[in-house]
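Given next are the chains, with one letter for each unit.
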Amino acid sequence: GTHQAAAHTPQSESLLPSMPSQSELFASEWHYSNGPDSFGPATLSTMRDLFATGQIDAEAFVWNSTMKEGADWLHLGDPANKSLLALLKGEANEARERDTPIGGDSDVCAGCGQRVGGGE
């Protein structure tokens, strides 16, 4: 008999042509560069570890296979990589606005509570 491999077609693809879904970001292999050398392929969890340990940051360039063939490498901090950056930070997408302090940048150091800057 013949059996169909219909289970392998993702349904949601037609809904999101522009931005890759989070599952696509997880499934694809990433290449990254923070200098003259580029590295990869790396899984998203590897990228997360690199981000957490400071080996890559928003200035690093990233590329992956969900980007169109021949697409330029983009800064991790590029708006097009917003969902990726949120994943690397380990945040849900909604958490972004909530974490931003209302008054913009505060002059109190979040780590120690001391006021920083502002002269002697």
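Being a predicted model, the structure only gives us computed values, none of them experimental.

## Observations concerning the overall build of the chain
Each helix and strand in the chain was counted, giving 4 helices and 4 strands. Helices and strands in the chain line up, N terminus first, as α-β-β-α-β-β-α-α. Looking at the 120 residues of the chain, the share that counts as buried comes to 22%. The long-range fraction of contacts in the chain, counting pairs at least 24 apart against all pairs at least 6 apart in sequence, stands at 40%.

## With respect to the confidence of the model for the chain
Taken residue by residue, the chain gives an average pLDDT of 73. The fraction at 70 or more is 57%. Within the model, pLDDT remains below 50 along residues 11-17, and this stretch shows 2 contacts once partners closer than five positions in the same chain are excluded. Across residues 92-98, where pLDDT falls below 50, the model places 5 contacts with residues more than four positions away in sequence or in other chains.

## Details of the sheet that holds strand E1 (residues 30-33)
The sheet built from 4 strands is open, its strands ordered E2-E1-E3-E4 with antiparallel pairing. Only two strands of the sheet have a single partner each, and these edge strands are strand E2 (38-42) and strand E4 (74-75). Where strand E3 (residues 61-64) and E4 come together, 2 bridges link them in antiparallel fashion. If you follow valine 62 over to E4, its bridge partner there is leucine 74. Those strands touched by helix H2 (residues 44-52) are E1, E2 and E3, and its axis lies near 25 degrees from that of E1.

## Some points on the packing of aromatic side chains
This model, assessed by the stated rule, comprises 1 aromatic pair. Taking 5.3 Å as the distance between ring centres and 25 degrees as the angle between the ring planes, the aromatic pair formed by tyrosine 32 and phenylalanine 39 counts as stacked.

## Looking at the nonpolar core
In this structure, Trp30, Met47, Ile56, Leu76 and Leu88 are the most contacted members of the largest nonpolar core, which totals 18 residues. At the level of secondary structure, the elements contributing two or more residues to this core comprise E1, H2, E3 and helix H3 (82-88). Dropping the residues within four chain positions of it, leucine 76 is found in contact with Phe51, Ile56, Asp57, Ala58, Ala60, Val62, Asn81, Leu84, Leu85 and Leu88.

## Overview of unusual backbone geometry
Omega for the bond connecting glycine 40 with proline 41 falls within 30 degrees of zero, at -5 degrees, which places this linkage in the cis form. Within the secondary structure layout, proline 41 lies in strand E2.

## Some thoughts on the pairing of E2
Pairing of E1 with E2 involves 3 bridges; the strand directions are antiparallel. Its bridge partner being in E2, tyrosine 32 is matched across the sheet by phenylalanine 39. Between E1 and E2, which pair antiparallel one after the other, the connecting turn spans 4 residues.

## Quick look at the side chain of serine 28
Its location among the elements puts serine 28 in the loop between helix H1 (22-27) and E1. Discounting residues that sit within four places of it in the chain, serine 28 has contacts with Ala42, Asn64, Ser65 and Thr66.

Reading the values: rules and limits
Residues numbered from 1 in each chain as written. Predicted model: local features only at pLDDT ≥ 70, side-chain atom pairs only at ≥ 80, totals over all residues. Heavy atoms only, no water. Helix = DSSP H or I, 4+ residues; strand = E, 2+ residues; numbered from the N terminus. Buried < 20%, exposed > 50% of the residue type's maximum accessible area, 1.4 Å probe, protein only. Contact = heavy atoms within 4.5 Å. pLDDT = per-residue confidence, 0-100. Pairing = 2+ DSSP bridges. Axes fitted to C-alpha atoms, helices over the stretch in contact; angles between N-to-C directions. Phe/Tyr/Trp six-rings, centres within 6.5 Å; stacked < 30°, edge-to-face > 60°. Core = buried A, V, L, I, M, F, W, Y, C linked by side-chain atoms within 4.5 Å.

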